[in-house]
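The primary structure of each chain is shown beneath.
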Amino acid sequence: MKRVGRLAVMAVAAVLAVAPAMAQDAIERAGELKAWREQCNDPDTDLRTAYLEAAIETGDVAVIRICVRQSLMSDDADIRNLGLRAALASVDQLLFEVTMPEEVAAAFKKAGKDEKQLNEISDWFMVRDWNSLRAGFGVEVEGAEVATGTSTWYPLANRAEMSNNYKGKAAVIGDQVNWTGSMALANTDCSMNLKLSDTGTLDGVLRCSRNVPFPVSASLM
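What comes next concerns the included structure. (Residues numbered from 1 in each chain as written. Predicted model: local features only at pLDDT ≥ 70, side-chain atom pairs only at ≥ 80, totals over all residues. Heavy atoms only, no water.)

**Describing the overall build of the protein chain**
Just so we agree on the cut-off: The helix count covers DSSP runs of H or I at least four residues long, the strand count covers runs of E at least two residues long, and both are numbered beginning at the N terminus. The globule rule used for comparison is 2.2 Å times the number of residues to the exponent 0.38, while the radius of gyration itself is calculated over C-alpha atoms. A 1.4 Å probe rolled over the protein chains alone gives each residue an accessible area, and that area as a share of the maximum for its type sets the label: buried under 20%, exposed over 50%, partly exposed in between. In this description, contact between two residues means that some pair of their heavy atoms is separated by no more than 4.5 Å. A 1.4 Å probe and the Shrake-Rupley method give the accessible areas. Residues count as covered only by the protein chains that appear here. Charged residues are defined here as Lys and Arg on the positive side and Asp and Glu on the negative side; His and the ends of the chain fall outside this count. Lysine's charge is taken at NZ, arginine's at CZ, aspartate's at CG and glutamate's at CD.
When you go through the protein chain residue by residue, the secondary structure sums to 7 helices and 8 strands. For a compact globule of 221 residues, the expected C-alpha radius of gyration is about 17 Å, and the protein chain comes in at 24 Å, more than 25% above that figure. Seen through its principal axes, the protein chain has C-alpha atoms that stretch 85 × 55 × 30 Å. A buried classification covers 38% of the 221 residues belonging to the protein chain. Sequence separation of at least 24 residues holds for 47% of the intrachain contacts in the protein chain that already meet a minimum separation of 6. By element, 53% of the accessible surface of the protein chain is carried by carbon and sulfur atoms, the whole surface being about 12700 Å². The positive charge centre, built from 23 side chains, and the negative charge centre, built from 30, are 8 Å apart in the protein chain.

See the structure below:
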């Protein structure tokens with residue numbers, strides 16, 4: 001038998017030898033995930049809380065997603081609240097999409113091609129903020145606790161990294177999250193009021209100073 005032929009046979013034999021072990025590992029992994037799915041769907045809220053906390057401690061992305069997703073999609077208000085707190089405790093960053101406020105869109109439409117009006121609108125603080133937010137922005141989440149539902153958020157609008165000058169406290173109340181703090185925008189004093197949707201997103205508004213709010217949305221999963 002030629003050398004190439006012998007190597008090919010050896011390679012096939014090695015794969016066949018490893019395959020049963022891989023299959024066994026897959027079966028064991030599937031059983032583990034099924035067990036977590038059942039535990040994190042326990043009707044006892046206290047047990048579910050404990051399982052969720054344990055799931056987060058594992059650092060296992062698949063386990064965390066299973067447990068958090070089930071809680072976020074629950075019809076039970078207490079479980080949804082628990083899932084929301086657990087979701088925020090399991091992420092390092094949220095990525096927000098931002099929509100242009102209707103008032104700004106209407107102003108631009110009314111101005112048409114009138115350069116004078118367009119320049120005036122461009123000087124509005126809310127338009128300056130829109131130019132900074134139109135591509136979206138990230139929020140670094142730190143110190144999130146399942147038990148209290150509180151965390152510290154560091155918005156990265158106009159920033160590449162966290163700064164203690166731009167941060168604020170977030171609190172989970174029911175299926176909502178309220179955040180108040182500062183951002184590196186034309187108007188630095190800002191707040192977000194967000195609500196958990198049926199699809200696992202946080203939808204709501206970002207308001208800075210007394211300007212009109214920006215519709216925002218971030219996926220938790």
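**Details of the pattern of salt bridges**
Put simply, the rule is: Here, a salt bridge means any side-chain nitrogen of Lys or Arg that lies within 4 Å of a carboxyl oxygen of Asp or Glu.
Taken as a whole, this structure holds 4 salt bridges when the rule is applied. D60 is paired through a salt bridge with R29; the nearest N and O atoms lie 2.9 Å apart. Of the two residues, D60 sits in the loop between α2 (45-58) and α3 (61-72) while R29 sits in helix α1 (residues 3-39), which places them 31 residues apart along the sequence. A salt bridge links D175 to K195, with the shortest nitrogen-to-oxygen separation between them at 3.0 Å.

**Digging into helix α5 (residues 102-111)**
Our working definition: To obtain the arc, one takes the directions from the helix axis to the C-beta atoms.
All of the buried residues along α5 are V104, A107 and A111. Down the axis of α5, the buried side of the element spans an arc of 60°, and every buried residue falls inside it. Counted as exposed and oriented over 90 degrees from the buried face of α5: E102, K109 and K110. Where α5 is buried, its residues touch α6 (115-122) and α7 (125-133). Immediately beyond the C-terminal end of α5, within one or two residues, lies G112, with a positive phi of roughly 60°.

**As for the state of the cysteines**
Worth spelling out the cut-off: In this description, the term disulfide denotes a pair of cysteine sulfurs within 2.5 Å.
Counted by the stated rule, this structure contains 2 disulfides. Linked covalently through their sulfurs, C40 and C67 form a disulfide whose S-S length is 2.0 Å. An S-S torsion of about 75° defines the bridge between C40 and C67 as right-handed. Highlighted residues: C40 in the loop between α1 and α2 and C67 in helix α3, separated in sequence by 27 residues. The class of C67 is buried, set by a relative accessible area of 0%. A disulfide bridge connects C190 with C208, and the sulfur atoms are separated by 2.2 Å.

**Here's the deal with the nonpolar core**
Condition: For this analysis, a nonpolar core means a set of buried residues of the types Ala, Val, Leu, Ile, Met, Phe, Trp, Tyr and Cys, connected via side-chain atoms within 4.5 Å.
Of all hydrophobic cores here, the largest spans 46 residues; its most connected members are F96, F137, W153, M192 and L206. The greatest single-element share of this core, amounting to 6 residues, is contributed by α3.

**Points about the packing of α5 against α6**
Put simply, the rule is: Think of each axis as a best-fit line through the C-alpha atoms, taken over the contacting stretch in the case of a helix, with angles from 0 to 180 degrees between the N-to-C directions. Working rule for angles: under 35 degrees goes down as roughly parallel, over 145 as roughly antiparallel, 65 to 115 as roughly perpendicular, anything else as oblique. Handedness of a helix crossing follows the sense of rotation of the near helix relative to the far helix, less than a right angle counterclockwise being left-handed and clockwise being right-handed. Under this grouping Gly is polar, as are all residues other than the nonpolar Ala, Val, Leu, Ile, Met, Phe, Trp, Tyr, Cys and Pro and the charged Asp, Glu, Lys and Arg.
The N-to-C vectors of α5 and α6 enclose an angle of 160°; their axes lie 9 Å apart at closest approach. Compared by their axis directions, α5 and α6 come out roughly antiparallel. The way α5 lies across α6 gives a crossing that is left-handed. Here α5 contributes A107, F108, K110 and A111 to the contact with α6, which in turn contributes Q117, L118 and I121. Partitioned by chemical class, the residues of the contact of α5 with α6 number 5 nonpolar, 1 polar and 1 charged.

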